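# Fold and geometry: a report
As a plain string of letters, each chain reads:
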Amino acid sequence: MNILITGASGFIGSFIVEEALQQGLEVWAAVRKSSSKAYLKDDRIHFIELDLSSEDALKTQLKDMSFDYVVHAAGATKCLDVNDFRRINTLGTQHLVNALIATKQPLRRFVFISSLSIMGAIHEQQPYTEITDGDTPQPNTAYGRSKLEAERFLDTLNSSPENAGEAFPYVILRPTGVYGPRERDYFLQVKSISNHLDFAVGFKRQDITFVYVSDVVQAVFLALEKGQTGRKYFLSDGEVYQSSTFSDYVHEELGRPWRLRITAPIGLLRIITFCGEYWGRWTKKMTALNKDKFNILRQRNWRCDISAARRELGFNPKVQLREGVKLSIKWYKESGWI
């Protein structure tokens, strides 16, 4: 069986590649010329350069290929230009899918990795309730909007008369915050705590959810095997944490260094991220301090219902936050990140 994995050099994608090899699949890793192959050293990996910005280019690149499975993990979580989110996450998905259809790939399943962020800030009144697939998405970030638009494109594929009898076999996964070895955004908080500063935002209770990278990979391969066409599955470790829990676990695994713990008001965060966004544009460098990050950090409810993934896929999260933080810190130390 041949599997194509886009975003293969990325955080989640590189772990998907490893699991695919472990399962004995013939793995094709889609990368860009500039992509690092630091985590793609296995000689069994076949590399393919795909231009997701051009549907015509993709048709040429895929015309002599044959894939049973495709996992679309490529995407942008940070952009200097807000329009790049749509160009990369939405149009890149459309171009890839249209090219797969045009080249008549014998697909058994296409798994699209979306995000809980497509739902936005809903059920924000206490007591918080779980976000479900029956809720109406209200994305409050450019990232979330771009992922939702890609989802809606996939939803149109099997609804038109011309596609009757030729359903495109897509499944959508919507993970909450994904962390683990090789991840860089949560690592910023780890690095900050190791430097004695523990920074939090907002005084209102915040319920947070997490999912360890290996559990996302578990869900990907369950979806390839059991996912129902057109279904969307939220992913988390099944638990709900308070905003301070992650930093407390990190602090513990770092050996409890002295730390200055600061909780800033939302208004200050708005100023910081506003300045950060314009600094990034001026310096032409990506920054985690931007408008999207502001909306993510101020959101108070990240609860989500994973019962459909449990019931239909057999998804069973194996790594809870305390263990996941321990494993992540161990990797960061061994890899010289801290």
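Report follows, based on the coordinates.

A few words on the packing of aromatic side chains. Taken as a whole, this structure holds 16 aromatic pairs when the rule is applied. Centre to centre, the rings of Tyr186 and Phe210 are 5.6 Å apart; their planes meet at 50 degrees, and the pair counts as tilted. Here Phe210 lies in strand β10 (residues 210-212) and Tyr186 lies in helix α5 (residues 185-194), a separation of 24 residues in the sequence. A relative accessible area of 23% places Tyr186 in the partly exposed class. With relative accessibility at 2%, the residue Phe210 sits in the buried group. The structure contains a cluster of three or more aromatic residues connected by ring pairs, namely Tyr179, Tyr186, Phe210, Tyr212, Tyr241 and Phe246. The ring centre of Phe15 lies 3.9 Å from the NZ or CZ of Arg182, which sits over that ring. The ring of Tyr39 is capped by Arg182, whose NZ or CZ atom sits 4.4 Å from the centre of that ring.

Spatial strand order, β3-β2-β1-β4-β5-β6-β11: seven strands in an open sheet with parallel pairing. Edge strands, defined here as strands with exactly one partner in the open sheet, are β3 (46-49) and β11 (232-235). Averaged over all adjacent pairs, the angle separating strand axes in this sheet is 20 degrees, with direction ignored. Note that strand β4 (residues 69-72) and strand β5 (residues 109-113) share four bridges and pair parallel. Paired with Val71 across the strands is Val111, a residue of β5.

The next subject is the environment of Leu297. Along the chain, Leu297 turns up in helix α9 (residues 291-298). It is 6.9 Å that separates the C-alpha atoms of Leu297 and Val201, two residues lying 96 residues apart in sequence.

Attention now moves to the nonpolar core. In a soluble, globular protein the nonpolar side chains are often hidden away together inside. Ile3, Ile5, Ile16, Val71, Leu173 and Phe221 are the most contacted members of the largest nonpolar core, which totals 68 residues. No other element matches helix α6 (residues 213-226), which puts nine residues into this core. If we skip the residues at most four places from it in the chain, Ile5 touches Gly13, Ile16, Val17, Ala20, Val27, Trp28, Ala29, Ala30 and Val71. Core analysis: the next-biggest nonpolar cluster, separate from the first, contains 23 residues, Ile48, Met65, Phe67 and Leu154 among them.

Taken together, Leu197, Phe199, Trp258, Leu260 and Ile262 make up a surface patch of nonpolar side chains, about 470 Å² in accessible area. Of all the elements in the fold, those that place two or more residues in the nonpolar patch are β8 (197-201) and β13 (260-264). Its place among the elements puts Phe199 in strand β8.

Thresholds applied
Residues numbered from 1 in each chain as written. Predicted model: local features only at pLDDT ≥ 70, side-chain atom pairs only at ≥ 80, totals over all residues. Heavy atoms only, no water. Phe/Tyr/Trp six-rings, centres within 6.5 Å; stacked < 30°, edge-to-face > 60°. Helix = DSSP H or I, 4+ residues; strand = E, 2+ residues; numbered from the N terminus. Buried < 20%, exposed > 50% of the residue type's maximum accessible area, 1.4 Å probe, protein only. Lys NZ or Arg CZ within 6 Å of the ring centre and 35° of its normal. Pairing = 2+ DSSP bridges. Axes fitted to C-alpha atoms, helices over the stretch in contact; angles between N-to-C directions. Core = buried A, V, L, I, M, F, W, Y, C linked by side-chain atoms within 4.5 Å. Contact = heavy atoms within 4.5 Å. Patch = residues over 30% accessible without salt bridge, like charges linked within 9 Å, V, L, I, M, F, W, Y side chains within 5 Å. Areas by Shrake-Rupley, 256 points an atom, 1.4 Å probe, with all protein chains shown as cover. Salt bridge = Lys/Arg side-chain N within 4 Å of Asp/Glu carboxyl O.

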